[in-house]
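Spelled out, the chains give:
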Amino acid sequence: MTRVRWSLGAVVWLAVIVVIACGAAGLVAAMDHSPGTPARAELTAAGDAEVTPLLDAAQANFAALADRVDALGQEARSALAALNASDAAAGEAAITRGNTLVSDVIARTAALRRDLGVVPYVGTPAAGLTISDAIVSRHATLVAALDATDGLDVAWLRLTSGSIAATRMSALLAEHDRLMGLAADRGVHAKYADAIKLIDQAAAQITAARALRDQLAVTVDVTVLDEWLGRNQDYDVALRKLYVEIAKVSKTITPAARAAVKAEAAARARLPGDTRGLVVIIAEIGRGGMNGAVIAIEGTRAKLADALDAGSADSAGVPAPSEGP
């Protein structure tokens, strides 16, 4: 009987020990919440209360930055539409407004980086003990989102370069045609010396257009442009040769003059019959740099909008500051 009672007592004590152990384990698990988590929000309440207003201010400035990028996208689309409509004045106005916006975006981005860079506790070894994980995450989201504006100035430069190049090429070719029209008029009135001078001036426009063509060839298909320049240059040479030879004629047409007449007629037959080719050239030049820029700006705008949603206090799960410790 003594042995039985001893055995039963051992079982009872073992049961008591198991119960106590399980209770202690549950108590430890219940208390095992590290600072920074919602379960121990009171440990980071003071730090969160200090940092949250700073992030709220940065969030507001971030929203203003996003608005500027959105406005820049509108100006980019306006510049592209002006190019398609051959409205140089509207295009220049859109680019001027866009230049101001780009400068503002760069300045605002730099200011936001500075503001976020001096937010206390974030990035220090004590961050997890002083501020909540949600605050740390919110700050990181805003900092990372600023990278979306990197390269925006380069994209705008591509857009303006495309528009400026298109406008300049259009002006060169238009001036060439104007001068050649005057030269032809002088030739009809047998003022060959004046006509030749005008043709030489028109040739200078072609030379400038070819120099611009070489710059554009890096980013734009210049096949149509090459054909346009080549045919017009051939005609300029042929007409100039014709006036030179005719100016030498007194009474009898020389073989050289007859050959010049045939060459001029052949070159004239190869000239474009209308300006549709020129419209294609100018549109391709402009769109070569502008389409990519518009896409880049729209991509930046979308990234900033996503960051605004992700970086807000509500979406980041930031607890409301409390007054208690």
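Refer to the structure above for everything that follows.
Being a predicted model, the structure only gives us computed values, none of them experimental.

**Considerations on the nonpolar core**
For soluble globular proteins, nonpolar side chains are generally found buried alongside one another.
In step 1: In this structure, Phe62, Leu72, Trp156, Leu159 and Leu304 are the most contacted members of the largest nonpolar core, which totals 40 residues.
In step 2: Counting residues per element, this core draws most heavily on helix α2 (residues 41–84), at 12 residues.
In step 3: Apart from the residues within four sequence positions on either side, Leu304 is in contact with Phe62, Leu65, Ala66, Val69, Ala145, Ala148 and Thr149.

**What about the packing of aromatic side chains?**
In step 1: Scanning all chains against the criterion turns up one aromatic pair.
In step 2: Summarising the aromatic geometry, the rings of Tyr192 and Tyr243 are spaced 5.6 Å apart at their centres and angled 40° between planes, so their arrangement reads as tilted. Taken together, the positions of Tyr192 in helix α7 (residues 192–216) and Tyr243 in helix α8 (residues 223–248) put the pair 51 residues apart, joining distant regions of the chain.

**What to know about unusual backbone geometry**
In step 1: Notably, Tyr121 is not glycine yet its phi reads approximately 75°, a positive angle.
In step 2: Within the secondary structure, Tyr121 sits in the loop between α3 (88–117) and α4 (127–130).
In step 3: Residue classification places Tyr121 among the partly exposed positions, given a relative accessible area of 29%.
In step 4: The phi angle at Ala190 is positive, at roughly 60°, despite the residue not being glycine.
In step 5: Along the chain, Ala190 falls in the loop between α6 (152–188) and α7.

**Side note on α6**
In step 1: With 37 residues, α6 extends 54 Å between its outermost C-alpha atoms, agreeing within 8% with the 54 Å of an ideal straight helix rising 1.5 Å per residue.
In step 2: One or two positions beyond α6, positive phi appears at Ala190, with a value near 60°.

Quick notes on the rules
- Residues numbered from 1 in each chain as written.
- Predicted model: local features only at pLDDT ≥ 70, side-chain atom pairs only at ≥ 80, totals over all residues.
- Heavy atoms only, no water.
- Core = buried A, V, L, I, M, F, W, Y, C linked by side-chain atoms within 4.5 Å.
- Buried < 20%, exposed > 50% of the residue type's maximum accessible area, 1.4 Å probe, protein only.
- Helix = DSSP H or I, 4+ residues; strand = E, 2+ residues; numbered from the N terminus.
- Contact = heavy atoms within 4.5 Å.
- Phe/Tyr/Trp six-rings, centres within 6.5 Å; stacked < 30°, edge-to-face > 60°.
- Expected span 1.5 Å × (residues − 1).

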